[in-house]
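Fold and contact review
Listed here are the chains, written in short residue letters.
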Amino acid sequence: MSSRAYTRLWLESQAALNELLGQELPSQPLQPEKSQRLFFQMVATLFLRYVQILRCLETCYDQMVHPQKRLVLRRVLEGVMGRVLELKNEMVEMELSEYHYMDDVLQDLKLTPADMEVPIPKYFVSQRAKALKERQQVLSQILARLEPSMPAGPSRVAMLRDEAVQLVQMAERMRQSRLRAKFMREIRRDEERERRARDSGAKEPDREQAALCIQKVWKGCLQRRCTKLEREREMAFIGMVPDPKAFGLPAAMLRAQLGEEFRRLRQADYEAEYQQALVSIREGLFEVEGPDMKEEMKEQLRQWFIECHDLTGRFPEFPDEELGGSSILFAEKTPEQVQEELELQETEGQKKKEKTAEKEKSKEGKAKKGKDKKQGEEESLKLAESKFLPMISEGSAEYQTVWGNQDELDNLEPHYELELMKAQQRKEVETELRLQVDELMREELQRLKLAVDREEGKSLKAKKSSKPKGKKGGKKKEKDLTPDRTLDSLYEELVLQGILKQAPHVQLADYTGDFCYLGSALRMAGIEPTPSVTDIRQNIALYAILRLGSPTLHELAPLVKSVLLAGPAGTGKKLLVHAVCTETGANLFDLSPDNLVGKYPGKAGLSMLIHLVFKVARLMQPSVIWVGNAEKTFYKKVPKEEKQADPKRLKRDLPKALKLLKPEDRVLLLGTSDKPYEADVKTLCKAYERILLVPRPDYASRYVTWQRLIKKHGGTISPALDASALAKLSDGYSQGCIAQAVQLVLTERRLLQMPKKPLRAGEFLQVLAKADPIYSEEEKTLQDWYTKTPLGKKRLKAAQEREEGKEAKGKDKKGKKGKK
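Quick summary incoming for the structure in this document. Values in this document were obtained by computation on a predicted structure and should not be read as measured data. (Residues numbered from 1 in each chain as written. Predicted model: local features only at pLDDT ≥ 70, side-chain atom pairs only at ≥ 80, totals over all residues. Heavy atoms only, no water.)

Section: the packing of helix α1 (residues 3–24) against helix α2 (residues 36–63)
- Close contact between α1 and α2 brings their axes to 9 Å; oriented N to C, the two are set at 150°. With respect to α2, the element α1 is oriented roughly antiparallel. For the element pair α1 and α2, the recorded crossing hand is left-handed. Where α1 approaches α2, its residues Y6, L9, W10, S13, A16, L17, E19, L20, Q23 and E24 are matched on the opposing element by L46, R49, Y50, I53, C56, L57, T59, C60 and Q63.
- Classifying every residue of the contact of α1 with α2 gives twelve nonpolar, four polar and three charged. (Axes fitted to C-alpha atoms, helices over the stretch in contact; angles between N-to-C directions. Helix = DSSP H or I, 4+ residues; strand = E, 2+ residues; numbered from the N terminus. Parallel < 35°, antiparallel > 145°, perpendicular 65-115°, else oblique. Left-handed = near helix turned anticlockwise from the far one by under 90°. Contact = heavy atoms within 4.5 Å. Nonpolar A, V, L, I, M, F, W, Y, C, P; charged D, E, K, R; others polar.)

Structure below.
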């Protein structure tokens, strides 16, 4: 795609975004929706439309080369991502479930399940590529020191004489057997030649018979070939096999990828030019306009001194730097800004009144609780205030004022706009000069005061000296146990101890699977559908990747400090943890109970461990703290064989450390558990805010997984390999079992045999049958455990209330019929 195409895509996205802003920020307030189903459809529609805009904006930001446009686009992109996270939070609170099924909304919007995928911005990693590369080199050097020095040659064990003789005899017998087999093969070949010669010599060859035989064989071969081609075309037409013509696509895709990489290189070049131009413009403004700006500011402040002295008889107090210095004196506020300040004051007063009212309501009797619940439900059917809609509207307004009236479609080589840069730098130069002028004018004001009245000057000095003494209070800071150590030394210690690890390079797209097409229909029928791989992938992107990748999102979006992935073994939980680290460039800290055995013993050692991990995680954010087998940390009863390892070491300190995390700390606790029902539910749910069930794959996900893994290991999906049968017969097995079966079957020798001997489903099923499947009892235990979690309890309670309401309505109808 060209620059013109991406500019056009931005224009279309901006038009769609303005339409959504008009819907969400109407001139008149919208009435709250009473029907929960209609309200959910409205929120789901907004969610999907914002996701579509997010996909377009991410593509534009990734491929646009104009540096100033990218600044505006980045602000709008982060605002849209934040709005998607807010709508996700609304849907969770409304449905009391982490998974949502919007296939009916997809049909209304004429979208495919692929359009529902939340894109992961590439700038999360690309903008930190240099820092990530340096960190990778340091980590590799430390790990290289840990590896034991390998001996020069392979170590050989001394062999006994009898064993050596037996080995030589076996080799000699094998050699003789090979020679004998070769000799017998030659004898049989000679005898066959002699027999054919005798048969041909007995009968004279008939030319017509020979021609008919050749024609028959050739026509049969030709017809079979045509039939095979027709069948392949028919199967490709109905979508049962891949289209043979599609094999030419990778070359086109490769060209597109090369074009995208070239545009990213141009982005870096244009950005460097832009930064150099900023420096030169800044220096020019300092030299040319700086002296005039300084003199004008000084004159304004002197005039203010004189006016205040004439009115009050004394010189005024100069504003502190914390308040903005002299900039607050000359800030021109519009009537709208004054009105906003008044509204903010009113809302703060209303919030205080609401808090007191809530306390009074909590003390009322049970009779009023039902009414309060109904009112709360009606109020909940209204979208909460958004922190990102103002950001989106500001970005859209800036786009409209700056770029909306410019025809950029024909600008094929956009570098930067000089006038915009001057206006931007002029503001920054003015603020910097104002700080210098403020220091000079404070001294001048002090000299004026001393000249007018020395006693007043002494009292002012006393007041100023007494101000810092009176400043007390504030929150207690976390005690730093390593104040004298550098970050590099702490980093190296954690790597040497095996706490900080190198995450494998895994993309979130590698967690393959398909969409649940009957989710909304099953939920309408009262059946809770099994989450699909697409749903799990979407939640990981929303709860972990987007928040860790963007500091703005982590600060303003609903805060998520910890996520627990619970599901049977082999369902890809560890792969998802590694994918989060790869997509965001995050550090991986392993606090699994098995990894902490024998490390940092005692209470002092444990507190030092927690301090080191969280200190390095904050300073080198984004960071992921992974706890494998998370149920062991919160065991109900520790098994006898694990008592020495003390798996419950982190039970108290880990939740305490999580509470100290602030919104600006991009640190996420990710836990994985195969048996969460062995842990105490209350303490486990206190540590992990979000709990995601990761079930075994369904038929569609297994079908996609088989195909991807076979192709990844060098195999080909031929007509002889029935992938549908593989997916059907592998029901109950996890993705890990499937991956292991593919790896064991597709050896180097088997890949060499593939041209003559195509792959068959039986080869994989023989290996897969030796693995342990996921039994239905284990799945039922996990589902029963999930109903004991806070979100599961709320959902169960809401379902019971709905059933009671239906029964009450049925009784009312019967009573009315009886009266009639």
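Examining the environment of Q743
- Topologically, Q743 is positioned in helix α26 (residues 735–745).
- Separated by 30 residues in sequence, Q743 and H713 place their C-alpha atoms 7.2 Å apart.

Some points on the side chain of S673
- Inspection of the secondary structure puts S673 in strand β5 (residues 667–673).
- Within the structure, the side chain of S673 is placed 3.5 Å from the backbone nitrogen of K675, a separation counted as a polar contact.
- With near-sequence residues (within four places) excluded, S673 lies in contact with L564, L565, A566, G567, K573, A630 and E631. (Polar contact = N/O pair within 3.5 Å; in protein donor to acceptor, adjacent residues only side chain to side chain.)

Things to note about the pattern of salt bridges
- Using the criterion set out here, one finds 30 salt bridges in the structure.
- Measuring nitrogen to oxygen at the nearest pair gives 2.9 Å for the salt bridge that ties R83 to E86. Of this pair, R83 and E86 are both found in helix α3 (residues 67–95), three residues apart, which corresponds to roughly one turn of the helix. Considered together, R83 and E86 belong to a single accessibility category, that of buried residues.
- Residues participating in the shared-partner salt-bridge network are E95, R523, E528 and R795. (Salt bridge = Lys/Arg side-chain N within 4 Å of Asp/Glu carboxyl O. Buried < 20%, exposed > 50% of the residue type's maximum accessible area, 1.4 Å probe, protein only.)

Some thoughts on the side chain of N587
- Relative to the helices and strands, N587 is located in strand β3 (residues 587–590).
- A distance of 2.7 Å separates a polar atom in the side chain of N587 from the backbone oxygen of M620.
- What N587 contacts, discounting residues up to four positions off in sequence, is R135, Y491, C581, M620, P622, S623 and V624.

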